[in-house]
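The lines below spell out each chain.
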Amino acid sequence: MHRSVRLGVLLSGGGRTLQNIHERIANGKLDAEVVCVISSRGSVKGVARARDVGLPTHVVSRRDTPDPLFHDEIERLLTEAEVELVCMAGFACMWRIPPAFADRVINIHPALLPAFGGKGFYGCKVHEAVLAAGVDRSGCTVHHCDNEYDHGPIVLQREVPVLESDTPETLADRVFEQECIAYPEAITLLSQTLRAPS
Ligand code: GAR
């Protein structure tokens, strides 16, 4: 019997990535189900967005949750929700991936990794660095996560031109349009090869 892949979404900010995934599912364009949303901050727009559309949403505050509880609590919530694939969606913390979720965690980054990635390369800072470097292509990358920021085998990338007239904001918008295509594509691709965690 067919069953949609069960997604867990980890976020720390605005939640546009989660919203895109949710809308694609609602429009029948992505065969998946968001069964667990976890935010590392309580007061961000992503939490409000998730709750507004009725998604099961939890806050595991990075500031208030010491190690190893932070890592264990995220694993517990994902396991309890029977999550099969974890999507980092602007998650600004390092979650130590436990064995049960090895190969089941992906991230989207707004640049063509391995360039312009790593700790500190987040949101607009990425696009500022791309413009400062004077390159003529940027884009986004979906990759498997290991325990390094923005690191792990690449699933797919989508490119955009960098224009002379670009500001970090205009470039961010152009890249984000591609992120909205790339993440659902990657989820579809990976869900075909996933089996339930043991
Ligand atoms: C997205 O653009 C995502 O690519 C980026 O954070 C943004 C989250 O936005 N991720 C990274 O920079 C990872 N290093 P959102 O909170 O509105 O979804």
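The structure presented is a predicted model; accordingly, all values stated were derived computationally and were not measured.

(A) Focus on the overall build of the protein chain. When you go through the protein chain residue by residue, the secondary structure sums to five helices and seven strands. Helices (α) and strands (β) of the protein chain occur, in sequence order from the N terminus, as β-α-β-α-β-α-β-β-α-β-β-α. C-alpha atoms of the protein chain, sized along the principal axes, occupy 50 × 40 × 30 Å. In the protein chain, which comprises 198 residues, the proportion classed as buried is 48%. If you take every contact in the protein chain between residues at least 6 apart in sequence, the share linking residues at least 24 apart comes to 65%. Carbon and sulfur atoms provide 51% of the accessible area of the protein chain, an area that totals close to 9,900 Å². Separation between the mean location of the 20 positive side-chain charges and that of the 26 negative ones in the protein chain comes to 3 Å.

(B) Here's a closer look at the nonpolar core. Grouped together as the largest cluster of nonpolar side chains are 34 residues, with contacts concentrated most on L7, L18, V34, L85, I106, V142 and I187. Among the elements that make up this core, the one with the highest residue count is helix α5 (residues 168-191) (seven residues). What V34 contacts, discounting residues up to four positions off in sequence, is L7, V9, L18, I21, I25, L55 and P56. One finds C36, I38, V60 and C145 within the second-largest nonpolar core, a separate group that totals 20 residues.

Basis of the calculations
- Residues numbered from 1 in each chain as written.
- Predicted model: local features only at pLDDT ≥ 70, side-chain atom pairs only at ≥ 80, totals over all residues.
- Heavy atoms only, no water.
- Helix = DSSP H or I, 4+ residues; strand = E, 2+ residues; numbered from the N terminus.
- Buried < 20%, exposed > 50% of the residue type's maximum accessible area, 1.4 Å probe, protein only.
- Contact = heavy atoms within 4.5 Å.
- Areas by Shrake-Rupley, 256 points an atom, 1.4 Å probe, with all protein chains shown as cover.
- Lys, Arg positive; Asp, Glu negative; His and termini not counted.
- Charge placed at Lys NZ, Arg CZ, Asp CG, Glu CD.
- Core = buried A, V, L, I, M, F, W, Y, C linked by side-chain atoms within 4.5 Å.

Worth remembering: the numbers are spatial, not functional.
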